[in-house]
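# Structural overview
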Amino acid sequence: MTPADAKKKCPHCNDTLKTLQVPPSNFSDGLGFGSELLLVCFNNECPLYVKGWNTMYDRYGQVGSMRYWLNPLDGDSGAFPVAHKEAMRGDIIED
Ligand SMILES: [Zn+2]
């Protein structure tokens, strides 16, 4: 990880992404990030996250939302589901 990676911004809200240590247990079902670190947007005002509450309910019938993630190794990005506001927060290793 380079200093430039640490300053990557979320394309949805322009907030600085936080470095997350991927918890092996959470992603053992084949999501396969191929990286132990992900840059994740933990901004609770992020449009992706705010809209996610409705999207998750409409699409999957469950209450939850999504957070933006970026894989610093290959530049891949996407959104993963979170069940609640504090989900994954304990895995942030660099604020
Ligand atoms: Zn964001």
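Everything below is about the structure shown above.
This section reports on the structure supplied with the text. The structure presented is a predicted model; accordingly, all values stated were derived computationally and were not measured.

### Overview of the overall build of the protein
Helices and strands together make up the secondary structure of the protein, namely 2 helices and 5 strands. Listing the helices and strands of the protein from first to last along the sequence gives α-β-β-α-β-β-β. Each of the 95 residues in the protein was classed as buried or not, and the buried ones make up 37%. In the protein, once contacts between residues fewer than 6 apart in sequence are set aside, the share between residues at least 24 apart is 50%. Roughly 5,700 Å² of accessible area belongs to the protein as shown, and the carbon and sulfur atoms make up 50% of that amount.

### Considerations on the packing of aromatic side chains
This model, assessed by the stated rule, comprises 1 aromatic pair. Ring geometry for Tyr49 versus Trp53: centroids 5.5 Å apart, planes at 75 degrees, classification edge-to-face. Residue Tyr49 and its partner Trp53 are both found in helix 2 (residues 47-60); the two are separated by 4 residues, about one turn of the helix. Directly above the ring of Tyr49 sits Arg67, whose terminal nitrogen or CZ lies 4.0 Å from the centroid.

### Things to note about the coordination of the zinc ion
Each donor-metal-donor angle would ideally measure 109.5 degrees in four-coordinate tetrahedral geometry, or 90 or 180 degrees in six-coordinate octahedral geometry. Taken together, Cys10 (SG), Cys13 (SG), Cys41 (SG) and Cys46 (SG) make up the protein donors of the zinc ion, found 2.3 to 2.4 Å from the metal. What the 4 donor atoms of the zinc ion show is an angle range of 99 to 116 degrees at the metal, which sorts the shape as tetrahedral. Every donor residue of the zinc ion comes from the same chain, spaced as C-x2-C-x27-C-x4-C. Of this pair, Cys10 sits in the loop between helix 1 (3-6) and strand 1 (18-21) while Cys41 sits in the loop between strand 2 (37-40) and helix 2; the two residues are 31 residues apart in sequence, bridging distant segments of the chain. Residues Cys10 and Cys41 agree in their burial class; the two are buried.

### Details of the sheet that holds strand 2
The 5 strands lie next to each other as 4-3-2-1-5, forming an open sheet whose pairing is antiparallel. In this open sheet, the two strands that pair with only one neighbour each are strand 4 (77-82) and strand 5 (92-94). Along the sheet, successive strands turn relative to each other by an average axial angle of 45 degrees, direction set aside. Both strand 2 and strand 3 (residues 65-70) contribute to a ladder of 2 bridges, which runs antiparallel. Within strand 3, the position partnered with Leu39 by the bridge is Leu70. Where helix 2 meets the sheet, it contacts strand 3 and strand 4, and its direction lies at approximately 130 degrees from that of strand 3.

Rules used throughout
Residues numbered from 1 in each chain as written. Predicted model: local features only at pLDDT ≥ 70, side-chain atom pairs only at ≥ 80, totals over all residues. Heavy atoms only, no water. Helix = DSSP H or I, 4+ residues; strand = E, 2+ residues; numbered from the N terminus. Buried < 20%, exposed > 50% of the residue type's maximum accessible area, 1.4 Å probe, protein only. Contact = heavy atoms within 4.5 Å. Areas by Shrake-Rupley, 256 points an atom, 1.4 Å probe, with all protein chains shown as cover. Phe/Tyr/Trp six-rings, centres within 6.5 Å; stacked < 30°, edge-to-face > 60°. Lys NZ or Arg CZ within 6 Å of the ring centre and 35° of its normal. Donors = N, O, S within 2.8 Å, 3.2 Å for Na, K, Ca; no water. Tetrahedral: all angles 85-135°; square planar, octahedral: opposite > 155°, others 65-115°. Pairing = 2+ DSSP bridges. Axes fitted to C-alpha atoms, helices over the stretch in contact; angles between N-to-C directions.

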